[in-house]
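Single-letter residue listing:
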Amino acid sequence: QSVLTQPPSVSAAPGQKVTISCSGSSSNIGNNYVSWYQQLPGTAPKLLIYENNKRPSGIPDRFSGSKSGTSATLGITGLQTGDEADYYCGTWDSSLSAVGFGGGTKLTVL
Amino acid sequence: QVQLVQSGSELKKPGASVKVSCKASGYTFTSYAMNWVRQAPGQGLEWMGWINTNTGNPTYAQGFTGRFVFSLDTSVSTAYLQISSLKAEDTAVYYCARDPGGGTAMAPDYWGQGTLVTVSS
């Protein structure tokens, strides 16, 4: 049972925009920073977004993050077939004193 | 640039032990804690705990106490995960992942490439 809740899958056409939600509680998302990761098939997770909405160097601005209350959202614009991957949200949970991840969302670019 | 390079895949029999290494480069090893994350086949990410690379003090998540041990060799900037009394359900990819630091608890930033541990008779 994941600490954070994500939809199992989302899909959209090339060039379109998609959003992936991540729902938590006051002990995690509500009071801590959210990170987002992209996991391409057969590879390690890669940091896309940190501190809710910041992009590491090298991550294109097609990827964006936002947070409101106890939920966070990852947005991807100008979808490409190379964006097909699993996406995970992660944060610290102050009640559990643990890092929590969402269950992951599989993005299909139709 | 920051790099975490893990040891290669392992095939072990039930009851055996395994030690996975994670060699860090591109930053001061003792300035950032190290997390360990498990990903079972076809499943999501599961946080196993972390180790303070300055003091060597480990913290284990629920479900990862007893058979799991985090350790360090700071002289070679390497973190280790040892799993004893291996069971079939330990079959997974194990990742080391650096804590971002900065004094605020957060999810990891840089990740190793992962080490597949397969437990089978």
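First, a word on scope: everything that follows refers to the structure included in this document. None of the values given here were measured: they were computed from a predicted structure. (Residues numbered from 1 in each chain as written. Chains lettered and ligands numbered in written order. Predicted model: local features only at pLDDT ≥ 70, side-chain atom pairs only at ≥ 80, totals over all residues. Heavy atoms only, no water.)

1. A look at the pairing of strand β7 (residues 68-73) of chain B
Residues and elements named next belong to chain B.
Okay, so step 1: Of the pairings in the sheet, the one linking β7 to strand β8 (residues 78-83) comprises 6 bridges and is antiparallel in character. Among the inter-strand pairings, Val69 is bridged to a residue of β8, identified as Gln82.
Okay, so step 2: Remark: 4 residues form the turn of the hairpin made by β7 and β8, two consecutive strands paired antiparallel; Ser77 in that turn has positive phi of roughly 50°. (Pairing = 2+ DSSP bridges. Helix = DSSP H or I, 4+ residues; strand = E, 2+ residues; numbered from the N terminus.)

2. Regarding the sheet that holds strand β6 (residues 71-76) of chain A
The strands that make up a sheet are held in pairs by hydrogen bonds between backbone atoms, and each pair lies either parallel or antiparallel.
Residue and element names in this part refer to chain A.
Okay, so step 1: Spatial strand order, β2-β6-β5: 3 strands in an open sheet with antiparallel pairing. Where the open sheet ends on each side, the last strands, each with one partner, are β2 (18-23) and β5 (63-68). Here the average twist between neighbouring strands, direction ignored, is 20°.
Okay, so step 2: Summarising the sheet, β5 and β6 pair through 6 bridges and their orientation is antiparallel. Within β6, the residue paired with Gly65 across the bridge is Leu74. (Axes fitted to C-alpha atoms, helices over the stretch in contact; angles between N-to-C directions.)

3. What to know about the packing of aromatic side chains
Okay, so step 1: Enumeration according to the criterion identifies 8 aromatic pairs over all chains in this entry.
Okay, so step 2: Their ring planes at 65° and their centres at 6.2 Å tell us that A:Tyr37 and A:Phe101 sit as a pair that is edge-to-face. Here A:Tyr37, found in strand β3 (residues 34-39), pairs with A:Phe101, found in strand β8 (residues 98-101); they are 64 residues apart in sequence, far enough to count as distant.
Okay, so step 3: On the accessibility criterion, A:Tyr37 (0% relative accessible area) is buried.
Okay, so step 4: Ring centres of B:Tyr60 and B:Phe70 lie 4.5 Å apart, and the angle between their planes is 35°; on these two criteria the pair is classed as tilted. Residue B:Tyr60 is found in strand β6 (residues 58-60), and its partner B:Phe70 is found in strand β7; the two are separated by 10 residues along the sequence.
Okay, so step 5: For B:Phe70, a relative accessible area of 4% puts it in the buried group. (Phe/Tyr/Trp six-rings, centres within 6.5 Å; stacked < 30°, edge-to-face > 60°. Buried < 20%, exposed > 50% of the residue type's maximum accessible area, 1.4 Å probe, protein only.)

4. A closer look at the pattern of salt bridges
Okay, so step 1: All told, the structure shown has 6 salt bridges over all chains when counted by the stated rule.
Okay, so step 2: Ionic pairing is found between A:Arg62 and A:Asp83, a salt bridge with its closest N-O pair at 2.9 Å. Of this pair, A:Arg62 sits in the loop between β4 (46-49) and β5 while A:Asp83 sits in the loop between β6 and β7 (85-93), and the two are 21 residues apart along the sequence.
Okay, so step 3: The exposure class assigned to A:Arg62 is buried, which follows from its relative accessible area of 16%.
Okay, so step 4: Across the pair B:Arg38 and B:Asp90 runs a salt bridge, and its minimum N-O distance is 3.9 Å. In this pair, B:Arg38 sits in strand β4 (residues 34-39) while B:Asp90 sits in the loop between β8 and β9 (92-98), placing the two residues 52 residues apart along the sequence.
Okay, so step 5: Through salt bridges with shared partners, a single ionic network connects B:Arg38, B:Glu46, B:Arg67 and B:Asp90. (Salt bridge = Lys/Arg side-chain N within 4 Å of Asp/Glu carboxyl O.)

5. Re unusual backbone geometry
Okay, so step 1: Phi angles above zero are rare outside glycine, and A:Asn52 is one such case at about 75°.
Okay, so step 2: Position of A:Asn52 relative to the elements: it lies in the loop between β4 and β5.
Okay, so step 3: Among the residues examined, A:Asn52 registers a relative accessible area of 13% and is labelled buried.
Okay, so step 4: The backbone of B:Ser77 sits at a positive phi, close to 50°, despite the residue not being glycine.
Okay, so step 5: In this structure, B:Ser77 sits in the loop between β7 and β8.
Okay, so step 6: When its relative accessible area of 21% is taken as the criterion, B:Ser77 is described as partly exposed.

6. So, the interface of chain A and chain B
Okay, so step 1: Taken together, the contact between chain A and chain B spans 19 residues of the former and 18 residues of the latter.
Okay, so step 2: Here chain A and chain B share an interface that buries about 1400 Å² over both sides, 69% of which is from carbon and sulfur atoms.
Okay, so step 3: By the criterion of area lost to chain B, the three top residues of chain A are A:Pro45, A:Val99 and A:Phe101, representing 34% of everything that side buries.
Okay, so step 4: In this structure, the connection of chain A to chain B is made through 0 salt bridges.
Okay, so step 5: Linking chain A with chain B are 5 residue pairs in polar contact (both at pLDDT 80 or more).
Okay, so step 6: Where the side of chain A that touches chain B is concerned, the elements lending two or more residues are β3, β7 and β8 of chain A.
Okay, so step 7: A total of 4 residues in the side of chain A that touches chain B trace back to one element, the largest contributor, which is β7(A).
Okay, so step 8: When the residues that make up the side of chain A that touches chain B are grouped by side-chain class, the tally is 10 nonpolar, 8 polar and 1 charged. (Contact = heavy atoms within 4.5 Å. Buried area = accessible area lost by both parts, 1.4 Å probe. Polar contact = N/O pair within 3.5 Å; in protein donor to acceptor, adjacent residues only side chain to side chain. Nonpolar A, V, L, I, M, F, W, Y, C, P; charged D, E, K, R; others polar.)

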